[in-house]
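Here's the letter readout for the chains.
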Amino acid sequence: MPPPQNAMEIYKLLDKSNCRECGEQTCLAFAAAVYQGRKEIQRCPKLDQATIVRFSDNSKDQNNVEQNRDEYLEILQNEVCNIDLAAAAERVGADFSGGKLTLKVLGKDFSVDTSGKLSADIHINPWVAVPFLDYIRYGQGLPVSETWLSFRELKDGKERYPLFQKRCEAPMKRVADTYTDLFDDLVRIFGGKQVQKQFESDISVILHPLPRVPIMLCYWLPEDGLASSLNVFFDDTADKNLTIGSVFSLGAGLCQMFEKLALRHGFPETVSFK
Ligand code: SF4
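Residues numbered from 1 in each chain as written. Predicted model: local features only at pLDDT ≥ 70, side-chain atom pairs only at ≥ 80, totals over all residues. Heavy atoms only, no water.

**Some words on the nonpolar core**
Counted only if it meets this: Within this scheme, the nonpolar core is defined by two criteria: the residues are buried Ala, Val, Leu, Ile, Met, Phe, Trp, Tyr or Cys, and they are joined through side-chain atoms within 4.5 Å. A simple rule labels every residue: compare its accessible area, found with a 1.4 Å probe on the protein chains alone, to the largest value its type can have, and call it buried under 20%, exposed over 50%, or partly exposed in between. Secondary structure counts use DSSP, requiring at least four H or I residues in a row for a helix and at least two E residues in a row for a strand, with both numbered from the N terminus. Pairs of residues are marked as contacts when any of their non-hydrogen atoms sit within 4.5 Å.
Membership of the largest hydrophobic core comes to 78 residues, with the highest contact counts inside it found for Leu 101 and Phe 132. Among the elements that take part in this core, helix H10 (residues 244–264) stands out by supplying eleven residues, more than any other. The residues touching Phe 132, leaving out its near neighbours within four places in the chain, are Leu 101, Leu 103, Val 105, Phe 110, Ser 111, Val 112, Leu 118 and Leu 210. Ile 206, Met 216, Trp 220 and Phe 233 belong to the second-largest nonpolar core, a separate cluster that totals seven residues.

**Here we look at the pairing of strand S3 (residues 108–113)**
Basically, it comes down to this: If DSSP finds at least two bridges between two strands, the strands pair.
Alignment of strand S2 (residues 100–105) against S3, held across six bridges, turns out to be antiparallel. The residue bridging Lys 104 from the neighbouring strand is Asp 109, located in S3. Linking S2 back to S3 in an antiparallel pair, the connection comprises two residues, with Leu 106 at a positive phi of about 50°. Sheet analysis places S3 next to strand S4 (residues 118–120), joined by three bridges and oriented antiparallel. For Val 112, the partnering residue across the bridge sits in S4 and is Leu 118. Hairpin connection between S3 and S4: a loop of four residues separates the two successive antiparallel strands, and Gly 116 in this loop has a positive phi of roughly 85°.

This is the structure in structure tokens:
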């Protein structure tokens, strides 16, 4: 039997008794927590050893981070139906009116209503929709500290960092190398802000994909035989305001948007959609 491939498959393995022995309110919430890496599957005492082993083997495959996000999005939408959205809005710094929670994603309104339906001023990309709901559902809403860390320094970021580098930082650098107006466009189109050069970079831009989860891109131009370089930094509260899986998704989502932007501006050689 192949290993489980996504959060819904994890849910299908569970007892579905909602007994709460794992510390979650429901089996569905537990499946989501395992998928996000917040809980070990062993925390459910009702699973047999064979299932645990089967899942554990699969969890070593980092490519799962990107698998079947649509099913996971559906789980989160179901969960959001069962929470107090007004209280969640207060916690995460969002507005709540007319039964709808709204916050800014890259400077544009992004909303979810009490039935879990999403609406936005921008295209609803699942790479952004999942972190958006995750932020509402699980984020602590801590104020931004303005202490910047790399992805690998975030909690549980170290082992995912090689994949983050491959899927986010390396392709973003390729875009920045070719499409030189990228950073100006990030400021203009996505409400970004150029900041005083950080970590001795040549260009530093801060974006707000979620209000309390800023992302800083630092780019170093090629110099004296050294290649250019690009690193992505997160506020040190990012792993408390969002799950690490969603922090990854935001990076991957931003990267895809940059590639599309470059394509629109006639730079097909930068594009490497996965
Ligand atoms: S312990 Fe297992 S069966 Fe009980 S609620 Fe958690 S996941 Fe469901």
